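Reading the structure
Residue-level listing of the chains:
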Amino acid sequence: MMFRALAVIVFGLISTGWSAEPVKKVLFIGTDGTRWDALEAAQTPHLDALIAQGALSVGTEIIAPRETKGDTVSGPGWSNLLCGVWPDKHGSVDNAFKGTHYAEFPHFFARIKEARPTLQTASFSDWGPISTKILSHADESVGEDAHGHAAYVEADARLTKACVAHIREKNPDAVMLYLGQVDETGHAKGFHPKVPEYIAAIERVDGLIGEVVAAIKARPTFAEEDWLILIGTDHGGVGTGHGGGRQIPEIRRTFMILNGPSVMPGKIEEQTYQVDIVASALTHLGIALKPEWKLDGRAVGLKTAKP
Ligand SMILES: [Zn+2]
């Protein structure tokens, strides 16, 4: 009788999928032009919760450790973050997008599709060049091109709604959400922890991030999923700008937040770089980083990535 009961329990656990590996998924939220010290000064309960249960790197470099060109602006920044290589490879050195090599060094969705064609990818962005220049291999793309502070506030909210609906109704494996209002506010009012409007923008973005995280947790299949949530930015700022900031720590040194069951919680002590986002995302999805991709980053903050 004992054996029979045990056999029933074991069979029950197997048949309900208890022993199955969770389905790995990735969400990368990018908040443009967000200074770490301002984020620290702001009231950001949703980011605080992600950090408290996740991993945090402060001082993430936006400048390559080797000699490369590249201004401290969005074009190179988002190319570093989304392609996983530095400007001497992807070729974006300013916001003109001339002489870029996105065919050879594409958006990381292309690497996902090459390795696992059935995985579903989705991108939401209100800075035009992300969807029109950098993005490729997206099954779903909502791209806007906002101009001015008020427009970005509205566009960020609209995009977040679209992203939340997609996470609720579809089954994406890799999602990228770009939010532009913090940078736009910095250009209008100043990039500094003492600028109330800049802080308010960060706090609004925190609320939007909270909505997306809640949507993930509300998925009916959430218990069988292993989401890696990545948060990062393309540069900081001083005064009302950030161009020409290669020597300015408040511009070139940023942050990276990782959250999820596969994340090694705590502060990441090693130096991190913008290009590590793609390597971490692909590694989490179980995609081996092929040498011919010539990626510059490496996975950080993951339990499996420890040497
Ligand atoms: Zn930017």
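This text follows the structure it describes.
Residues numbered from 1 in each chain as written. Predicted model: local features only at pLDDT ≥ 70, side-chain atom pairs only at ≥ 80, totals over all residues. Heavy atoms only, no water.

1. Points about the overall build of the protein
The condition that has to hold: Under the scheme used here, helices are H or I runs from DSSP no shorter than 4 residues and strands are E runs no shorter than 2 residues, and both carry numbers assigned from the N terminus. Each radius of gyration is computed over the set of C-alpha atoms, and the globule rule expresses the reference value as 2.2 Å times the number of residues to the power 0.38. Per-residue and other accessible areas follow the Shrake-Rupley method at a 1.4 Å probe size, with only the shown protein chains counted as cover for residues.
A tally of regular secondary structure across the protein gives 12 helices and eight strands. In terms of overall dimensions, the protein is globule-like: its C-alpha atoms have a radius of gyration of 20 Å, near the 19 Å expected for 307 residues. Based on the C-alpha atoms only, the size of the protein along its principal axes is roughly 75 × 45 × 35 Å. Accessible surface, the protein: about 13,400 Å² in total, of which carbon and sulfur atoms supply 57%.

2. Some points on the packing of helix α6 (residues 108-115) against helix α12 (residues 276-284)
Note the cut-off: The axes are straight lines fitted to the C-alpha atoms, using for helices just the contacting stretch, and the angles between their N-to-C directions are given from 0 to 180°. Under this scheme an angle from 65 to 115 degrees is roughly perpendicular, one under 35 degrees roughly parallel, and one over 145 degrees roughly antiparallel; angles in between are oblique. Working rule for handedness: look at the near helix, and if it is turned counterclockwise from the far one by less than a right angle, call the crossing left-handed; if clockwise, right-handed. Note on contacts: a residue pair is in contact if any heavy atoms of the two residues lie within 4.5 Å.
Contact pair α6 / α12: the axes reach a minimum separation of 10 Å and the direction vectors enclose 25°. Taken together, the axes of α6 and α12 lie roughly parallel to each other. Pair α6 / α12 crosses with right-handed handedness. Of the residues in α12, those touching α6 at Phe108, Arg111 and Ile112 are Val278, Ala281 and Leu282.

3. A word on the pairing of strand β2 (residues 55-61)
Inclusion rule: Relative accessibility thresholds used throughout: buried, under 20% of the residue-type maximum; exposed, over 50%; partly exposed, between the two (1.4 Å probe, protein chains only). Strands pair, by our definition, only if DSSP identifies at least two bridges between them.
The element β2 is largely enclosed, with a buried count of six among its seven residues. Bridge count for β2 against strand β7 (residues 253-259) is six bridges, and the pairing is antiparallel. From the neighbouring strand, Thr60 faces β7, where its bridge partner is Thr254. By the bridge criterion, two bridges tie β2 to strand β8 (residues 266-267) in an arrangement that is parallel. For Ala55, the partnering residue across the bridge sits in β8 and is Gly266.

4. Things to note about the nonpolar core
Using the following cut-off: Nonpolar cores were defined as sets of buried Ala, Val, Leu, Ile, Met, Phe, Trp, Tyr and Cys residues, with membership established by side-chain atoms within 4.5 Å.
Grouped together as the largest cluster of nonpolar side chains are 42 residues, with contacts concentrated most on Trp78, Ile112 and Leu258. The next biggest cluster of nonpolar side chains, apart from the first, holds 38 residues, and it includes Ala122, Leu159, Val195 and Ile231.

5. With respect to the coordination of the zinc ion
Definition in use: For Na, K and Ca the donor cut-off is 3.2 Å; for every other metal, N, O and S atoms count as donors within 2.8 Å. Water does not enter the count, which can leave sites looking incomplete.
Here the zinc ion is held by Asp32 (OD), Asp32 (OD), Ser74 (OG), Asp234 (OD) and His235 (NE2), and the distances to it run 1.9 to 2.7 Å. Read in sequence order, the donor residues coordinating the zinc ion give the pattern D-x41-S-x159-D-H. Linking Ser74 in helix α4 (residues 74-83) with Asp234 in the loop between β6 (225-232) and α11 (249-252), this pair joins segments that are 160 residues apart in sequence. A single burial state applies to Ser74 and to Asp234, both of which are buried.

6. A look at the packing of aromatic side chains
To keep it simple, the criterion reads: In summary, the pairing rule links any two rings of Phe, Tyr or Trp, Trp by its six-membered ring, whose centres are within 6.5 Å, and it sorts them by plane angle into stacked for under 30 degrees, edge-to-face for over 60 and tilted for everything else.
On inspection of all chains with the given rule, the structure shows seven aromatic pairs. For the pair Phe28 and Trp78, a centre-to-centre distance of 6.4 Å together with 40° between the ring planes defines the contact as tilted. Taken as a pair, Phe28 in strand β1 (residues 23-31) and Trp78 in helix α4 lie far apart in primary sequence, 50 residues in all. By the burial criterion, Phe28 is buried, and Trp78 matches it. Connected via pairs of aromatic rings, a cluster forms that spans Phe28, Trp78 and Tyr178.

7. Considerations on α12
Along α12, eight of the nine residues are buried, which leaves the element largely enclosed by surrounding structure. Among the residues of α12, Asp276, Ile277, Val278, Ala279, Ser280, Ala281, Leu282 and His284 are the ones counted as buried. Among the structural elements, β1, α4, α6, β6 and β7 are those in contact with the buried residues of α12. Immediately beyond the C-terminal end of α12, within one or two residues, lies Gly286, with a positive phi of roughly 80°.

8. Description of the side chain of His166
Relative to the helices and strands, His166 resides in helix α8 (residues 149-169). Dropping the residues within four chain positions of it, His166 is found in contact with Ala122, Phe124, Glu140 and Pro172.

9. A few points about empty space enclosed by the protein
To keep things clear, this is the line we draw: Only protein atoms enter the 1 Å grid used here, on which a cavity is any set of points holding a 1.4 Å probe that cannot leave and a pocket is any open set flanked by protein within 12 Å on both sides along at least five of seven lines; residues with an atom within 4 Å of a point are listed as lining. Grid points are joined across faces, edges and corners, and a volume is the space filled by probe spheres set on the points. Put simply, Ala, Val, Leu, Ile, Met, Phe, Trp, Tyr, Cys and Pro go in the nonpolar bin, Asp, Glu, Lys and Arg in the charged bin, and everything else, Gly too, in the polar bin.
This model, assessed by the stated rule, comprises three cavities of 30 Å³ or more. Considering only enclosed or pocket space, the largest cavity measures out at about 80 Å³ in volume. Among the elements that make up the lining of the largest cavity, the one with the highest residue count is α4 (three residues). Among the residues forming the lining of the largest cavity, the class breakdown is seven nonpolar, six polar and four charged. Reported here for the second largest cavity is a volume of approximately 40 Å³. Thr31, Thr34, Leu39, Leu47, Val182, Ile202, Val205 and Ile209 are the residues that line the second largest cavity. Class assignment for the residues of the lining of the second largest cavity results in six nonpolar, two polar and no charged.

Such coordinate-based values are descriptive only and should not be taken to indicate function.
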